[in-house]
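For reference, the chains in residue letters:
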Amino acid sequence: MSTDLSKIRNFSIVAHIDHGKSTLSDRLIQYTGGLTAREMKEQVLDNMEIERERGITIKAQTVRLNYKAHDGETYVLNLMDTPGHVDFAYEVSRSLAACEGSILVVDASQGVEAQTLANVYQAIDNNHEIVPVLNKIDLPAAEPERIRAQIEDVIGIDASDAVLCSAKSGLGIEDVLEAVVTRLPAPKGDENEPLKALLVDAWYDPYLGVVVLVRVFNGRMKPGQMVKLMNAGATYKIDKLGVFMPKATDVESLGPGEIGFFTGQIKEVSDAAVGDTITDERKPTAAAMTGFKEVQPVVFCGIFPVDAADFEDLRSAMGKLRLNDASFSYEMETSAALGFGFRCGFLGLLHLEIIQERLSREFNLDLIATAPSVVYKIYMNDGEVIDLHNPADMPDPVKTDHIEEPWIKATIFCPDDYLGAIIKLCQDRRGEQVDLSYVGTRAMVVYNLPLNEVVFDFYDRLKSVSKGYASFDYNIEGYREGDLVKMSILVNSEPVDALSMLVHRDRAEMRGRGMCEKMRELIPQHLFVIPIQAAIGGRIIARETVRALRKDVTAKCYGGDATRKKKLLEKQKEGKKKMRQFGKVEIPQEAFIAALKMDND
Amino acid sequence: MIGDNFSSPAIAGEVARPVALEGAKPLSLYIHWPYCSRICPYCDFNVTRDRGQASQRALFDAIMADMRRQAEGLGNRQLASVFFGGGTPSLLPPDWVAELIAQAGDLFPYTDDIEITLEANPTDAEISRYEGFRAAGINRLSLGVQSLDDAALKFLGRNHSAAEAIRGIETAQTVFGRVSLDLIYALPNQTLDAWETELRAAAALGIEHISPYQLTIEQTTPFGRAVKRKLWSPPEEELAESFYFRTLDVLGSLGFEAYEVSNHARGKAARSAHNVLIWEGVDYMGIGPGAHGRLTRNGARTATVAEKDLKTYTAAADPIEAIPLTPSEAEEEALMLGLRLTEGVALNRLPNLPIIEKATPLIEQGFMELTADRLRATEKGRVVLDRLLFELLG
């Protein structure tokens, strides 16, 4: 199968979460007859359970649509569904690089949100033509004129000919398809050049093995061909070549401008890095695709089984997840408080949440996750630079020269009623205001913030101070020096590794006090007084005390009560299994979880 | 003749106990009579309103049969104590009490110094039957006085006044000689001083044994429901603790020794022999609906529980469920009960528990003491005994 370049359109859909991206995709597939109504599962493209539930896309997916346009010609439309979240920014940029244009979907009553902005700027950076689409036009609250003006104001693109539609009711779907054909450019490419294709994404399929999603720029791919992944330096023979209609359908070849998939005995997803260039082994292209980079984890946390006996199950679950998600990393970690577990790296907080949720849901594991931490750069006196993933590994401060921490640029949209509270939150988190502007009654604030203040509980606080009306997005800006210190928590004079953290010196006392108060509430009374202290080096900055048990004895215990008392003791013994011994002190596991989720500051 | 069974190191010998018969192993007997003329709002025991049911006689016959059945195969035993509990066993006709004691004596020989206790209420109706109980063989009365304050008695749902209680105490002292009082403290709005006055009044009456209990709110009782609906609330934990410590101070100053967590006696002879035997791990047979027992058969200790439901208990061919205890379960129980006593527990009863190792830090911290053959909780340790047990067994 080969398609005339002028009859191909490759496009993606960019939108804020919940603005109707997936519903619109489904509607386009249905309209062009890719699936019968009976075959339509709600939101076909988000086929992971969590994706469907949360309405987000984690892996890039494509579908090939055949559309007979008003000009009488039949076009091949490749719809690329991209991950919509900043955590997957790199994957998004590669998906966008595989397309020539984008549909920008904006909710006709809610208007532009933080993610709309982040995603559309990425599309613009990839030289995309943009077709604005106002969705949910049939809702009584829809104000297409106001939102049109807002798009022009905020994003700075012409929205005068924005398409009006309702993905839910099917209104205006044909107009969207016509706009794709008439307003987005056709791909360019030369079939006679050596093969040059972009590795857009890869995933593990239990039947096919690793499936690689590709966009061909030059040359042609055929089954049996030996292809080379240029960055990886590995060669594979193409077993199976196909396109998604959306069902996988074999094809004889893929030429310039086309998007499809291949399999080729690739063992692990990590062997097929997103952004790599695929070429013919015997007749390679001279220049690889630009823009390849290796993705680095940004946020780290420890993950431990609640029941130590589940450790091996956790290890195997992590292995399985890693099979399909090369951006997630893990290595074994031992904590005095939490036992054996793993130190895990994630692309961001959403990625962390998704992995945690999949571990507990798909593998049925009870887990404890420690507070997320960022990667600090420790500059040692001898000139060495250490990437610190775990505060417990912090070297002796006398050997360090200075520490750098990652900063982000955060964009927050909110109704102006909440602006004051949000600015206060950002200031409290050491933020620096970059921009503040209004779009009607909505405010847009841009702040530079240290990432370690954001990973803590920024989302929860933002949600609570804005009653859920604020939207938030960010991108990593780089590293800056900070006055950071390691704060330890000591229970009965013993440091508890799982609770130590790097904090800014100015914030240490407040954090320390909060932590000590929390632990005082959570540690049960013992036979002795238990001091709880927060310390920086040898200096105590906060202290609380768990008083000793004064009285703990069953009043009555005669013959018949012995059985009752024994049951009580059995229950206590059960409870003890969920305790972690720390020196002489037993700390319930909930205490670790609760202490790390500090909500009041 | 003095045999060696009672003088084994397992028993401290710190209580007036019967002279032992040659070759016989001791056995205590607990008889549960579930009827009450009024159900107290704090009580969660297995109790039933006494409406003069005709079925009471059938239940009594079933209890008699239960005793005979459980006696089978127990070997050579000497009856060491008898305790009538409930419910309100003072509602039993005295001649039924006599029948039970007579049958027990037929099954197991005993000596004249045996302690036979009956729990009783100090209502005028029951006081008039004290003579009858004495004649039936009862020689110690445990009086459910609960309070010497009329308002408190009304709150506790008792069907007697403070004046009746004092009459009951005086009559019982004349008739039985040995009398124990149950008193309840930590009532809502009760002050520490009012409680002290009550304790002093009880002691002034010449009482030699007092069992003071903190009011415990059980969820399934009317009190439990009232507290849940926030109609009233018991004292805060710290105040409740202060009641406990005040009790120890006051009774101590009046010459009472806290020989067990909640039992105080003036002199060793005043201690409850029956309860001491049970805390020390002597076999006891529990008969009557819901009664628990511990019997050693063929060298293995067994926990027994009788059917709770009165009708089922009466009709059953055998109302007893017997659950064998593993040696370590039996030892854990021995430790749990034994440490409640001032004298503590004999180490030779715990051959399988790694107890010394676990007790060592507690001994170092002054919560426990180790003598040649016993492990005991110190005064400081006894108030946190549940925690000590958790450390030792958890």
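Here goes a summary of the coordinates provided. (Residues numbered from 1 in each chain as written. Chains lettered and ligands numbered in written order. Predicted model: local features only at pLDDT ≥ 70, side-chain atom pairs only at ≥ 80, totals over all residues. Heavy atoms only, no water.)

### With respect to the sheet that holds strand β15 (residues 345–346) of chain B
All names here are of chain B.
- Strand order in the open sheet made by the three strands is β15-β17-β16, with antiparallel pairing throughout. Every other strand in the sheet has two partners, leaving β15 and β16 (368–370) as the edge strands with one partner each.
- Note that β16 and strand β17 (residues 374–377) share three bridges and pair antiparallel. Across the sheet, L370 pairs through a bridge with L375, a residue of β17. (Pairing = 2+ DSSP bridges. Helix = DSSP H or I, 4+ residues; strand = E, 2+ residues; numbered from the N terminus.)

### Regarding the interface of chain B and chain A
- Across the contact, 43 residues belong to chain B and 28 residues belong to chain A.
- Of the roughly 3300 Å² buried at the junction of chain B and chain A (both faces included), carbon and sulfur atoms supply 55%.
- It is D386, R387 and F390 of chain B in chain B that bury the most area against chain A; as a group they hold 20% of the surface buried on that side.
- Applying the counting rule to chain B against chain A returns five salt bridges.
- Taking the shortest distance from any N to any O, the salt bridge between D386 of chain B and K565 of chain A comes out at 3.7 Å. (Contact = heavy atoms within 4.5 Å. Buried area = accessible area lost by both parts, 1.4 Å probe. Salt bridge = Lys/Arg side-chain N within 4 Å of Asp/Glu carboxyl O.)

### Quick look at the packing of aromatic side chains
All names here are of chain A.
- Taken as a whole and judged by the stated rule, the model has 23 aromatic pairs over all chains.
- Between F328 and Y330, the ring centres sit 5.8 Å apart and the planes meet at 20 degrees, which makes this aromatic pair stacked.
- The exposure class assigned to F328 is buried, which follows from its relative accessible area of 0%.
- Grouped by ring-pair contacts, the aromatic residues F311, F328, Y330, F340, F342 and F346 constitute a single cluster.
- Over the ring of F217 we find R215, and its NZ or CZ is 4.1 Å from the ring centre.
- Looking at R480, its charged tip hangs above the ring of W407, at a distance of 3.7 Å from the centre. (Phe/Tyr/Trp six-rings, centres within 6.5 Å; stacked < 30°, edge-to-face > 60°. Buried < 20%, exposed > 50% of the residue type's maximum accessible area, 1.4 Å probe, protein only. Lys NZ or Arg CZ within 6 Å of the ring centre and 35° of its normal.)

### Some thoughts on the side chain of D182 of chain B
- Mapping D182 of chain B onto the fold places it in strand β7 (residues 178–185).
- For D182 of chain B, which is buried and forms no salt bridge, the nearest opposite charge comes from K556 of chain A, at a distance of 5.4 Å.
- Discounting chain neighbours no more than four positions away, the residues touching D182 of chain B are S142, L143, G144, V145, Q146, S211 and Y213 of chain B. (Lys, Arg positive; Asp, Glu negative; His and termini not counted.)

### Let's talk about the pattern of salt bridges
- Taken as a whole and assessed by the stated rule, the structure comprises 43 salt bridges over all chains.
- E369 of chain B is the partner of R376 of chain B in a salt bridge, and the nearest nitrogen-oxygen pair spans 2.6 Å.
- We classify R376 of chain B as buried; its relative accessible area is 18%.
- A relative accessible area of 37% means that E369 of chain B is categorised as partly exposed.
- Ionic contacts of the salt-bridge type, sharing partners, join the residues E405, R430, E453, R507 and R511 of chain A into one network.

### Quick look at helix α9 (residues 419–428) of chain A
Residues and elements named next belong to chain A.
- The set of residues buried in α9 consists of L419, I422, L425 and C426. Each buried residue of α9 lies within a common arc of 125 degrees when the element is viewed along its axis, so the set occupies one face. Facing away from the buried surface of α9 by more than 90 degrees, the exposed residues are G420 and K424.
- Of the surrounding secondary structure, the elements contacted by the buried residues of α9 are β22 (400–415), β23 (432–439), β24 (442–450) and α10 (451–465). (Arc of directions from axis to C-beta.)

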